[in-house]
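Fold and geometry: a report
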Amino acid sequence: MQKGDHLVLVDGSAYIFRAYHALPPLTRKSDGLPVGAVSGFCNMLWKLVEESRDTSVGVAPTHFAVIFDHSSTTFRNELYDQYKANREAPPEDLVPQFSLIREAVRAFDLPCIEKEGFEADDLIATYTRHALEAGGDVTIVSSDKDLMQLVGPCVILYDQMKDKRLGPEEVKEKFGVYPDKMIELQALVGDTSDNVPGVPGIGPKTAAQLLEEYGDLETLLARAPEIKQTKRRENLIAFAEQARLSRQLVTLDCATPLDTPLDDLFIHEPDGEKLIAFLKAMEFTTLTRRVAARLDTNAAEVETADITVEGPVRGPDRDPAPPAEPHGHGEALLPFTPAGLVESRKAAAAATFDRSAYVTIRDAATLQAWMSEAREAGVMAFDTETSSLSAMNCDLVGVSFATRAGRAAYLPLGHVSPAGAADLLSEGTVEDEIGPQLPLDDALAILKPPLEDASILKIGQNFKYDYLVLLQHGIAVEPFDDTMLISYALDASASLDGHGMDELSERFLGHKPVSYKELCGSGKSAKAIAACPIDKVTEYAAEDADVTLRLWHVLKPRLVAEGLASVYERLERPLVPVLARMEQRGIKTDRQILSRLSGRFAQKQAGLESEIAEMAGEAFNPGSPKQLGEILFGKLSLPGGKKTKSGQWSTDARVLEELAAEGHELPRRIVDWRQLSKLKGTYTDTLPAHMDDEGRIHTSYAMASTTTGRLSSSEPNLQNIPVRTEEGRAIRTAFVAPKGKKLVSADYSQIELRILAHIADIPQLKEAFREGLDIHAMTASEMFGLPVEGMDPMVRRRAKAINFGIIYGISAFGLANQLSIPREEAGLYIKRYFERFPGIRDYMDATKAFAKEHGYVETLFGRRAHYPDIRGPNPSVRAFNERAAINAPIQGTAADIIRRAMIRMEPALAAAGLSAKMLLQVHDELIFEVEEDEVEASLPVIKQVMEGAALPRVELTVPIEVDAKAADNWEEAH
DNA sequence: CGCTCCTAACC
DNA sequence: AGGTTAGGAGCGA
């Protein structure tokens, strides 16, 4: 435990009795087993776990335990045989529930702590002391006044049922003394229920008053003769010893020997299946459903646990962690907490970086030894060094490993002599010059087993890259974690400046690693990494693995603590192999079509260029906004000149279109020229350069580049291939299926508007989607009171713009801009819209309020988008953040849904015996390559997976529809 | 050569 | 008006 950590201790025994007494008796239907207290206990614990993840309530816990009384006799009985002597035996129907409740805690995967001879309160006191010494905060979940003595600046008492939190001030208010005097107060007052005698005639009010006056118990007893009130004086003198005994009895033992050290209370992701199996066995249908939905698990598929009436009584220690399991396509959230995590976490935070300690691996035996170390540790950070940045087209230069903080090595595999050509000229071999390197094939043969070993967790940074590199060598690395994706799940803010390793290292470790530039240089003088000195590369590469491992130690625990484990485990990590395979496959492209289009575009452009020069009266570069602005608004003095931020004439398409509408021919030509220039320069000329030997283009998907959870595509970007204009669309005909296959395009219809209708709960929108109506025409009809039949296309267009505007966090300024209408008119439209759909305004207000309170918003699947500046002082920055915050849950939920579909797609197709291959994702569209004779069978599977992708976690109240079509090329399939 | 600006392609 | 990537021009070192 370290500073900033947060320990939650649940007073389990108190919970049991409260649950038992607060609820009517309940028995298990199938056999009459009494389970009322178990049910109440489980409900309370579940709520607590849920609440504690809501960071708005307080700091999310990093450590968590449920503490029980072990038996009725404790060390206090030796002090005083009457202690708790008049306690009645627990009710008969509660007795069998004690062991069930311990089972329940185990099912929640929480440590269940108790100790012979000690009360729960003593254990709570001891853990609290340990936590405080480590610099942590503590929340004790209980309302027992015996625990108030523990309250302090970093310790609060939380009464879950009354939802009350007690700090020092609240204790003072309640008892008239601060927590540090609680023991003395209890010693005076006594406790009838526990048989703590106290001093007769002294109640809480008097006790508080006396302590206020005399300071502490001993002073009070010593000066008792001074007290005026006869009876009070006599009692204090007569019962002084009894008061001292009482003080001993109520003083909690904060030095209880602990069987489970504090650090072992470290929280980890629960095993959803285990919990659901238990709840099903108890026949708690409501809670089972609730838990299953939250954990995104289908309860029907979980086998009911075998819980007998005489369930095993839990010992004081928790069970050993379940065996580590690989996380393939499985649906359950399996914990992966290798042994020794806690130790390594501490080491990661403490150790400093020593580059000279890194090892260069030059032979098989040393490599084998490192892999043994990894096997023992159960964890290995791992990084590949390659000859280029493109995973699909690079050679492996080396691999680095780290097995614990500070212990890292580099394995050179493809290094060449730094001098390059000198190899050929010099007498000696490369080996003489740079030392021996293990042959690549030998190294891969040694590496393959541990990299695919289910009991070794491989940790990478931007792991899709390394995964893809090794996939080219026939190695599918599993299981793995990715520090970049963990960081992204925790906080995807754009303001963070990315999730690259160097940034993360500086942000979370306060360490600046050797940069690639420092190693290889930059610009013209940049060297290939393979030509850099191996000792320097060892420092660089091994450090990367070391940093990655340490980042993992710091970041991974935060996932669970902040309630983001399911985002990472459901939406991020499983997508890595899926995207890697998509990138590896690539999409077949017809070079000839692109080249013909380039020719056609060039010809048209040339024609336009001469016309443009003639109209302008001089030759200039139409691609230069600066020159163009000077011609249009300077030389020709056309009206409507606007300036950009930096004072240049604005010449964007909007400005030029407006001029063209007024009859000016030159701007029209420029618009056309620009379009051709874009299509040619960005697409038809450039795409062929990305084709491989088989004529396929492999894009690269960035998983952590957007603030909302969308993917992005680059090198080349295949998510912005033209579609709007006919000429642009022609480019899509170049994306083709090979002979004997078809391309299938499947896209979600209006998914963001559907999500809006669901989230904001808009009856008319939901109804329209259920009826399959034209949503924009319906909107126009609602707003302007016109029938949908025979709707003016221009009116519909406005309604459509407003619908999109709503998704984007509408402003009168933006809508006016979009529709080229006065701002006042746009304002009226918005007003009208809100009148017709008041739920939208409610949603927007609620989202803004949430974002202001928490600093982030959430998708339906729990992904967060952070907007800290929404609280900032700059009104326009604030407004921008408000709009983004309104958009993010909608755009982000859509992104989550298609991610879920992609993750499920391959197993679903395989299960149906189909060989369809997913190639591309374009935000709401998936593109597949399908054997011609499998098209018919594949379409319904693809549709089903996409349409059902939100389930079971989220049940949308609008239908989700997917249109899917097969054709020979992308243009026709779309 | 590397950066910013402007523009435009997509959902 | 929300979320992206990319290319060319222009400028300064």
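Being a predicted model, the structure only gives us computed values, none of them experimental.

1. Thoughts on the overall build of chain A
- Secondary structure assignment for chain A yields 40 helices and 22 strands.
- For chain A, contacts bridging at least 24 residues in sequence account for 69% of all contacts bridging at least 6.
- Taken as a whole, chain A presents about 42,200 Å² of accessible surface, with 52% of it coming from carbon and sulfur.
- If you average the places of the 108 positive and of the 146 negative side-chain charges in chain A, the two averages end up 5 Å apart.

2. Thoughts on the protein's contact with DNA strand C
- Around DNA strand C lies a shell of 35 residues, among which Asn621, Ser624, Thr707, Glu715 and Gly805 are the nearest.
- Sugar plus phosphate: this is where 68% of the atoms of DNA strand C within 4 Å of the protein reside.
- Between DNA strand C and alanine 801, the relevant distance is 3.2 Å, taken from a base nitrogen to a main-chain nitrogen or oxygen of the residue.
- Glutamine 891 is positioned with one of its side-chain polar atoms (N or O) 3.1 Å from a sugar or linking oxygen of DNA strand C.
- For the surface near DNA strand C, the secondary structure elements donating two or more residues are helix H27 (625-635), helix H29 (665-684), strand S16 (712-714), helix H34 (793-807), helix H35 (812-819) and helix H38 (875-911).
- Of the residues that constitute the surface near DNA strand C, the class distribution is 7 nonpolar, 23 polar and 5 charged.

3. Points about the nonpolar core
- If you look at the biggest cluster of nonpolar residues, it comprises 223 residues, and the most contacted ones within it are Leu367, Phe401, Ile731, Tyr748, Ile840 and Met902.
- Element by element, the count of residues in this core is highest for H38, at 10 residues.
- Filtering out sequence-adjacent residues up to four positions away, leucine 367 remains in contact with Ile361, Phe401, Leu411, Leu438, Ala443, Ile446 and Leu447.
- Formed by 46 residues, the second largest nonpolar core is a distinct cluster that contains Leu157, Met182, Ala224 and Leu252.

4. A few points about the packing of aromatic side chains
- Within this structure, the stated rule accounts for 17 aromatic pairs.
- On the numbers, 6.3 Å between centres and 55° between planes, the contact of phenylalanine 17 with phenylalanine 98 is tilted. Taken together, the positions of phenylalanine 17 in helix H1 (residues 12-22) and phenylalanine 98 in helix H4 (residues 95-107) put the pair 81 residues apart, joining distant regions of the chain.
- Given the relative accessible area of 21%, phenylalanine 98 is considered partly exposed.

5. Here we look at the domain arrangement of chain A
- Domain annotation of chain A identifies domain 1 (6-167 + 253-264), domain 2 (352-573) and domain 3 (590-690).
- The C-alpha centroid of domain 2 is placed 45 Å from the C-alpha centroid of domain 1.
- On the domain 2 side, the residues contacting the 4 residues of domain 1 number 4 residues.
- Of the roughly 300 Å² buried where domain 1 meets domain 2, counting both sides, 58% is carbon and sulfur surface.

6. What to know about H29
- Along its 20 residues, H29 runs 27 Å from first to last C-alpha, staying within 8% of the 28 Å computed at 1.5 Å per residue.
- Among the residues making up H29, those that are buried are Leu666, Pro667, Arg669, Ile670, Val671, Trp673, Leu676, Leu679, Tyr683 and Thr684.
- Check the buried side of H29 and you find it contacts helix H26 (591-616), H27, helix H28 (653-661) and helix H30 (726-729).

7. A word on the protein's contact with DNA strand B
- Within the structure, DNA strand B sits among 24 residues, and Thr644, Ser646, Arg710, Val723 and Arg724 are positioned closest to it.
- Arginine 710 places a side-chain nitrogen or oxygen 2.6 Å from a base oxygen of DNA strand B.
- One nitrogen or oxygen atom from the main chain of valine 723 is found 2.4 Å from a phosphate oxygen belonging to DNA strand B.
- A per-element tally of the surface near DNA strand B places H29 first, with 4 residues.
- Taken together, the residues that form the surface near DNA strand B break down as 7 nonpolar, 10 polar and 7 charged.

8. Looking at the sheet that holds strand S5 (residues 155-159)
- Read from one edge to the other, the open sheet built from 6 strands follows the order S3-S2-S1-S4-S5-S6, with strand pairing classed as mixed. Where the open sheet ends on each side, the last strands, each with one partner, are strand S3 (112-113) and strand S6 (164-166).
- Bridge count for strand S1 (residues 6-11) against strand S2 (residues 63-67) is 5 bridges, and the pairing is parallel. Within S2, the position partnered with leucine 7 by the bridge is histidine 63.

9. Focus on the environment of alanine 526
- Among the secondary structure elements, alanine 526 is positioned in the loop between helix H22 (516-520) and helix H23 (534-561).
- With residues up to four places along the chain from it excluded, the contact list for alanine 526 reads Cys520 and Gly521.

10. Some thoughts on unusual backbone geometry
- Residue proline 479 is bonded to the preceding glutamate 478 through a cis peptide linkage, with omega at -10°.
- Structurally, proline 479 is set in the loop between helix H19 (463-471) and strand S12 (480-482).
- For the bond running from leucine 951 to proline 952, omega is 0°, close enough to zero to count as cis.
- The residue proline 952 is located in the loop between helix H39 (935-947) and strand S22 (962-967) in this model.
- The phi torsion at glutamate 283 lies on the positive side, around 65°, for a residue other than glycine.
- Overall, the relative accessible area of 34% leaves glutamate 283 in the partly exposed class.
- Unlike most non-glycine residues, aspartate 761 shows phi in positive territory, near 60°.
- Mapped onto the elements of the fold, aspartate 761 is located in the loop between helix H31 (751-760) and helix H32 (763-771).

11. Some details on the environment of threonine 286
- Tracing the backbone shows threonine 286 in helix H13 (residues 285-294).
- Threonine 286 sits in the partly exposed class, given a relative accessible area of 40%.
- Along the chain, threonine 286 and asparagine 43 lie 243 residues apart, while their C-alpha atoms are 9.8 Å from each other.

12. Examining the confidence of the model for chain A
- Of all residues in chain A, 94% have pLDDT values of 70 or greater, and the mean over the chain is 89.
- Within the model, the stretch residues 310-346 combines pLDDT values under 50 with 78 contacts to residues more than four positions away or in other chains.

13. A word on the pairing of strand S4 (residues 137-141)
- Among the 5 residues in S4, 4 count as buried, and that is most of the element.
- Where S1 lies against S4, 5 bridges are found, and the strand directions are parallel. Bridged to histidine 6 within S4 is aspartate 137.

14. Details of the side chain of serine 400
- Topologically, serine 400 is positioned in strand S9 (residues 396-404).
- Reaching out from serine 400, the side chain makes a polar contact with the backbone oxygen of alanine 541 at a distance of 2.9 Å.
- Setting aside residues up to four positions removed in sequence, serine 400 forms contacts with Ala381, Phe382, Asp383, Ala409, Tyr410, Ala541, Ala542 and Ala545.

Here is what the cut-offs are and how they apply
Residue numbers here run from 1 along each chain, matching the order of that chain's written sequence. Whichever chain is written first becomes A and whichever ligand is written first becomes 1, with later ones labelled in order. Given that the model is predicted, a residue must reach a pLDDT of at least 70 before its local features are reported, and side-chain atom pairs must reach 80 or more before they are shown or counted; all residues, however, enter totals for whole chains, interfaces and linings. Calculated side-chain values reflect all of the structure's heavy atoms, with hydrogen atoms and water omitted. Strands here are runs of E lasting at least two residues and helices are runs of H or I lasting at least four, both read from the DSSP assignment and numbered beginning at the N terminus. Contacts are assigned to residue pairs with any non-hydrogen atoms lying within 4.5 Å of each other. Here the open area of atoms and residues is found with the Shrake-Rupley method and a 1.4 Å probe, where only the protein chains shown may cover a residue. For the purpose of charge, His is not counted, nor are the chain termini; Lys and Arg are scored as positive and Asp and Glu as negative. Charged groups are reduced to one reference atom each: NZ for lysine, CZ for arginine, CG for aspartic acid, CD for glutamic acid. The cutoff for a nearby residue is simple: one of its non-hydrogen atoms must lie within 4 Å of the molecule or strand. Under the rule applied, a polar contact is a pair of N or O atoms within 3.5 Å (in protein, one hydrogen donor and one hydrogen acceptor; residues adjacent in sequence only if both atoms are side-chain atoms). Any residue that is not Ala, Val, Leu, Ile, Met, Phe, Trp, Tyr, Cys, Pro, Asp, Glu, Lys or Arg is counted as polar, Gly included; the first ten are nonpolar and the last four charged. Buried residues of nine kinds, namely Ala, Val, Leu, Ile, Met, Phe, Trp, Tyr and Cys, make up a nonpolar core once their side-chain atoms join them within 4.5 Å. Only protein chains enter the area calculation, which uses a 1.4 Å probe; residues under 20% of their type maximum are buried, those over 50% are exposed, and those in between are partly exposed. Two rings from Phe, Tyr or Trp (for Trp, the six-membered ring) form a pair when their centres are within 6.5 Å of each other. A pair whose planes differ by under 30 degrees is stacked, one over 60 is edge-to-face, and the rest are tilted. Just so you know, the domain bounds were taken from an automatic or database domain assignment. By buried area we mean how much accessible surface two parts lose on assembly, using a 1.4 Å probe and totalling the loss over both. One less than the residue count of a helix, multiplied by 1.5 Å, gives the span that helix is expected to have. When DSSP finds two or more bridges between a pair of strands, those strands are recorded as paired. pLDDT expresses, on a scale from 0 to 100, how confident the predictor is about each individual residue.

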